[in-house]
Amino acid sequence: MKLAIFAVLASTAAAFVAPNVARPATELAAERREFLSGAAAAVVGMAAFAPAANAIRDYDDVGLLGGSQIVDVNNANVRVYLKMPGLYPNLAGKIVTNGPYKTVSELYSIPGLSSAEKDLLKKYEGRFTAKEPQADYVIDIFNNGLYR
């Protein structure tokens, strides 16, 4: 019985062993190698003449997004206004939802501003600037994904 089990195991194991027969190269394999080497040479040749990617890597006014005393009202996130007592969350929410602004003076024309809110705007007016809206920052103006 043991011999029969051993014979079955040996034949099963032999089924999973690859044969050691060398296969001759066919014409199709040679054509495939020629094609792939030619394609690789073409890709390398095209990479040498590819134009440089002139993407904007850094926003020149990144300090105006909250890292300085001056705040860009068109690109800064609503949480930047935490640095200015009295603005966050009500007035800051009105500022970010009613933009973009061409000038800082347009802040006074936000609909529904009370006289107290206009006084706060006047108080911090020197700390505001209105730069051209940048798509990378405007998308996060309401919620930048930072939660406490």
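About the cut-offs
- Residues numbered from 1 in each chain as written.
- Predicted model: local features only at pLDDT ≥ 70, side-chain atom pairs only at ≥ 80, totals over all residues.
- Heavy atoms only, no water.
- Core = buried A, V, L, I, M, F, W, Y, C linked by side-chain atoms within 4.5 Å.
- Buried < 20%, exposed > 50% of the residue type's maximum accessible area, 1.4 Å probe, protein only.
- Helix = DSSP H or I, 4+ residues; strand = E, 2+ residues; numbered from the N terminus.
- Contact = heavy atoms within 4.5 Å.
- pLDDT = per-residue confidence, 0-100.
- Phe/Tyr/Trp six-rings, centres within 6.5 Å; stacked < 30°, edge-to-face > 60°.

**Q** Hey, could you go over the nonpolar core for me, with residue numbers and the actual values?
**A** Residues Tyr81, Ile95, Leu107 and Phe128 are the most contacted members of the largest nonpolar core, which totals 21 residues. Of all the secondary-structure elements, those providing two or more residues to this core are helix H3 (90-97) and helix H4 (115-124). Among the elements that line this core, the one with the most residues is H3, at four residues. Setting aside residues up to four positions removed in sequence, Ile95 forms contacts with Val73, Tyr81, Tyr101, Leu107, Ile110 and Leu121.

**Q** An account of the confidence of the model for the protein is needed here, citing residue identities and associated values.
**A** Put simply, the protein has an average pLDDT of 81, and 73% of its residues get 70 or more. Mean pLDDT values for the elements of the protein range from 63 in helix H1 (residues 2-15) up to 95 in H4.

**Q** So what about unusual backbone geometry? Which residues, and what values?
**A** In this model, Tyr88 is joined to Pro89 through a cis peptide bond whose omega is 5 degrees. Within the secondary structure, Pro89 sits in the loop between strand E1 (71-72) and H3.

**Q** Please provide a residue-by-residue account of the packing of aromatic side chains, values included.
**A** Here the structure, examined in full by the defined rule, presents one aromatic pair. Residues Tyr81 and Phe128 carry aromatic rings whose centres are separated by 6.2 Å and whose planes lie at 65 degrees to one another, so their mutual orientation is edge-to-face. Taken as a pair, Tyr81 in the loop between E1 and H3 and Phe128 in strand E2 (residues 128-129) lie far apart in primary sequence, 47 residues in all. Taking relative accessible area as the criterion, Phe128 reaches 6% and is therefore assigned buried.

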